[in-house]
Amino acid sequence: MVGMLQAFSSCSPSHCLLRGKGVASHSGIETVEIVAFNSRSSAQTSCGLSRVVHAPVRMQPGNVKQGLHVGGEVREQRNAGRRRVTGRDTLGVTDKLDNQEKRTVKTVRIHYNRKDGDYEQWGLHVWGDAEYCTPWESPLVARGLDDFGSYWDVDCVEGGKVYFLIHTGREKEFEGIMDTAKSDSVWVVSEHPDVFMEKPDLDSIPKGDLGFARALWISENIIAVNFDGDCYSLHACKDANLTLTAAGVEGAREKIQLEEEIQGLPVKVVERFPYITGYKALRVPKGTDTRELVKCQLALSSSDSAGVPLDATGVQLPGVLDELFAYDGPLGVSITEENVSLSVWAPTAQTVRLILFHSPAGGEPFEVLQMNESDGVWSVQGPAEWKGKYYLYEVTVFHPSTRKVEKSLACDPYSRGLSANGERSLIVDLNDESLKPEGWSNLAAEKPKLAAFTDIAIYELHIRDFSIADETVDPALRGTYLAFTEKDSAGVKHLKNLANAGLSHLHLLPCFDFASVDEKKRNWKSADVDSLKKFAPDSEEQQAAITLIQDEDAYNWGYDPVNWGVPEGSYATAANGSVRTFEFRKMVQAINHLGLRVVLDVVYNHLHGNGPTGIHTVHDKIVPGYYLRRNKDGNVENSTCMNNTACEHYMVDRLIVDDLLHWAVAYKVDGFRFDLMGHLMKSTMLRAQRVLRSLTVERDGVDGSRIYLYGEGWDFGEVSNNMRGVNGSQRNLAGTGIGSFNDRLRDTVIGGSPFGDPLQQGFLTGLSLQPNELDQGDEQSMANHLAATTDWIRLGLASNLRTYVFTNHKGDEVKGEEVLTHDGVPVAYAMSPEDLVNYVSAHDNESLFDIIMLKTASGVSLKERCRINHMATSVVALAQGIPFFHAGDDMLRSKSLDRDSYNSGDWFNRLDFSYETNNFGVGLPPKSKNGFKWPIMKKLLADPANKPSKNQILAAVENLKELLRIRFSSPLFRLKSANAIQARLKFHNTGPAGVPGVIIYTIEDGEKGKPGLTQLDSSYQNVIVIFNARPTQVKTQVQSFKFRSLSLHPVQAASHDEIVRTSTFDSKFGTFSIPARTTAVFVESR
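What this report covers is the structure whose coordinates are included nearby. (Residues numbered from 1 in each chain as written. Predicted model: local features only at pLDDT ≥ 70, side-chain atom pairs only at ≥ 80, totals over all residues. Heavy atoms only, no water.)

## Examining the overall build of the protein chain
Looking only at helices and strands, one finds 23 helices and 49 strands in the protein chain. Structurally, the protein chain occupies a C-alpha span of about 95 × 80 × 65 Å along its principal axes. Within the protein chain, buried positions represent 63% of all 1086 residues. A total accessible area of about 38,300 Å² is found for the protein chain, and carbon and sulfur atoms account for 49% of it. Taking the average place of the 116 positive charges on the side chains of the protein chain and the average place of its 138 negative ones, the gap between the two points comes to 5 Å. (Helix = DSSP H or I, 4+ residues; strand = E, 2+ residues; numbered from the N terminus. Buried < 20%, exposed > 50% of the residue type's maximum accessible area, 1.4 Å probe, protein only. Areas by Shrake-Rupley, 256 points an atom, 1.4 Å probe, with all protein chains shown as cover. Lys, Arg positive; Asp, Glu negative; His and termini not counted. Charge placed at Lys NZ, Arg CZ, Asp CG, Glu CD.)

Below is the structure:
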């Protein structure tokens, strides 16, 4: 999700699963998020995850009776690269509190006690039937103090329910509900889960909460804890009968006294767990049977010197599990001619049994076997006849989410085959010849050549989008892997033409097993397309019909992983058995034969499910609390959307790298794009790169040295600023050759960001030069903004190198890392062109055509908007680094202005390879993500003049092909090092005298036999690129080219674009004449 939930935010965010978290909207209505669940996808957001229903309530205007507001931390915007839906982005439909005369307002009081007596920083966030909903960033400060603690007075609707949350910034302390029909006051106690209707006796309340896990067992002999005490004890019960009373922890079968280490946590521990810096270190006595204790319910308690209980909590185990049970041996299924072996890593399990089935549908198992444990790994061996059978693990284990010993049925985390919907794992031999397409073993020799990673050009595509609407594809194969094998289809021809022009890689959106689409096709629902076509282009009816079935149709982007190592079944012609394996391989082979390498979009940063139940939970059933990252309280982190994974844990890191190795070898995949890569650790990324690049054709059938890795290096959430270790952020990965998306280029070329006002303009969409209706400041401030952000684009064209030196808009010579964003972050972060993936559009957020429609001024014609689309593509195509294009940008693709089409069905995501339509004006997009923009959208969608003709679409198709031919006509567009870019690429038209809206750069080559630059290009001595974003023709002089022999690039001289062919150069004066909204490339031939 280059973009994802925004508020809570592709994805795009704040806290997806936190009920009631709100932010202020433009209208003065606050949007409160209420999480809704459905039986098929328990938590579906814009990353293919949780649905969020927005309920509006009136914001409190200033200070009122309840007391002054206290400013907490400003809500953390996830970052400019993620897809997010914020409260700002949603207008409420109704405001139930507007009808003043039909309600009675009363004042209720919420009391709060903290054992540390520190109330100053804690504020109250209220919503529901509160008279006014507080903005998240400005909670209410306590009105006063009494003998119990602090308290707030809240005005609310009599008889209603007030939802409240006590927090400081992003740290949440208590969340509860007050029924005002039952009480005028409630009392809450820090670290105690109950809301009291009467004032409680604090001495009788248990101290602590076993529902939290605020102690971390980080090594065999050290437990870290963040609360005080004179004495500490570890309590264990294998039957999970621990309870907390006023007398302390009861029900333990074993109690161990712990001693505090005066010197604190060891340095190595703090380096591994930086977020627990300052915790106390408690030493576990020698001789403690840690291997057995981790199978128990555990609690850690503290008391004073007199034995009076002070606190108690549960215990997190990942650190000690890594130290004692890290394992590098075989996992999953191993098959020989004689037998089948199965192994699963489950060190906290009390027992594990293997359950075998003949049928994918299950029924009575034909065999149930107790597995044997050795060092945390449970194994069993059986006959070769097990091959082709289905299986589950029955795991008996303490689960911290329920605080019970659970008996869960789970698929294998190392599954290589599945039944439909991942209900059971399949014992499959991927080396079986019947699962290999003809010629599969020779595919490595047939792959398209790739001399260097800087020769990569990427096209991002959703598998179902590619063929579901293509009438030249066999109806039985539409929307499937096998559609790519249809050599004469319109879509295949389109890809082949792009490959011939220079495109090198096809990036496929998630195609591992994901939760959001039912793989049993008989259950799919679909809208009546013929009826939808009859509605007006700005009608609400289309989206109403699509959203009615959106969780029961065949569509989703798939960013909700369940089983990482198995192809998604909904894209296969049959979901059971090994059909999906064979067909996926056929697809990879067919794409390679088109001249394109294959990139998989992998989502290792989160999992769809958690807890001990449900078919969409796997990992958390087997080793609860290990695979998912938890916060200091022991709750699962959800900053990615949901269920963040913890690759800082040894076996999670191993699983991810093993999975990548599996896809590279078993499916011969050529590259991987990492969703929310910043939530993975840099060490995991580097190990993955090292392991993949060690693959050889002779040993593995794969040339790993040609496998490229890239992803979303956004730095946000609990991993930001390296709080969980050095993470895979843009800046941290610089110099590794692992690419990260350049959101700086995207935002400045197009304008704004996914989180800002949709009308905010940029370099190409009219900022300062042709302003739209949005107030973006006075003329001078807009001009200043354009000038400053044009420097960001210059850096992007120079591969966003942090050391690149150029003259900025002020006329100063600066390095890339000295140019700062609005929040003081360096714009440039890369250290080599391999580090950078340039883009202006991706699956997240509006399509390129749609965002241009929204941002350009109303007086800009469709013809001009199409030219802006062409120019945006040209910036990416002609920049140093690696260009990335979203499928359909080259066809003026529209999603009818949908900002987040992950679950908007085939209707809004349609790709038309007949080029008859671009899908604009097929109705207002789904209200849940776009409703606040409907008034703007209706006007655009209703105007038939905004719908491109086939000729305009064909012009866009030709534009990308021409740009690719230009890029690959000279190695000067694909320089391989930072030094080469610095030495050869120079910008003109800079400084205060530069013409706004015009970027000019030259790339110089050397001459054989002469000192200085090495000659790279046998055809051209110099390349000159000019971007004229102005709405008028521009003439500009470059003194250094006076009396030089320059000509329009041969591709543009013969271009389908008549306008670009009118670009000229006057050698006598060194003057270029460039038409409005045109990118022109000139060359100096040898």
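This is not the end of the story, as more comes after the structure.
## As for the pairing of strand β27 (residues 390-399)
Across the 10 residues that make up β27, a large majority, 10, are buried. Side-chain alternation along β27 places Tyr 390, Leu 392, Glu 394, Thr 396 and Phe 398 on one buried face and Tyr 391, Tyr 393, Val 395, Val 397 and His 399 on a second face that is also buried. Pairing geometry for strand β23 (residues 349-357) and β27, over eight bridges, is antiparallel. Across the sheet, residue Thr 351 finds its bridge partner in β27, namely Thr 396. Note that β27 and strand β29 (residues 425-426) share two bridges and pair antiparallel. In the strand pairing of β29, Tyr 390 is matched with Leu 426. (Pairing = 2+ DSSP bridges.)

## Describing the packing of helix α11 (residues 650-666) against helix α12 (residues 682-693)
The contact between α11 and α12 brings their axes to 10 Å, and the two run at 30 degrees. One element, α11, and the other, α12, form an angle in the roughly parallel class. Of the two possible hands of crossing, α11 and α12 adopt the one that is right-handed. Contact residues: α11 offers Asp 653, Arg 654, Ile 656, Val 657, Leu 660, Leu 661 and Ala 664, while α12 offers Thr 684, Arg 687, Ala 688, Val 691 and Leu 692. Taken together, the residues of the contact of α11 with α12 sort by class into eight nonpolar, one polar and three charged. (Axes fitted to C-alpha atoms, helices over the stretch in contact; angles between N-to-C directions. Parallel < 35°, antiparallel > 145°, perpendicular 65-115°, else oblique. Left-handed = near helix turned anticlockwise from the far one by under 90°. Contact = heavy atoms within 4.5 Å. Nonpolar A, V, L, I, M, F, W, Y, C, P; charged D, E, K, R; others polar.)

## With respect to the packing of aromatic side chains
Taken as a whole and assessed by the stated rule, the structure comprises 34 aromatic pairs. Chaining the aromatic ring pairs together yields one cluster made of Phe 453, Tyr 708, Tyr 710, Phe 741, Tyr 839 and Phe 884. Lying across the ring of Phe 357, Arg 424 places its NZ or CZ 5.0 Å from the centre. Stacked on the ring of Tyr 275, the Lys or Arg Arg 724 has its end atom at 3.6 Å from the ring centre. (Phe/Tyr/Trp six-rings, centres within 6.5 Å; stacked < 30°, edge-to-face > 60°. Lys NZ or Arg CZ within 6 Å of the ring centre and 35° of its normal.)

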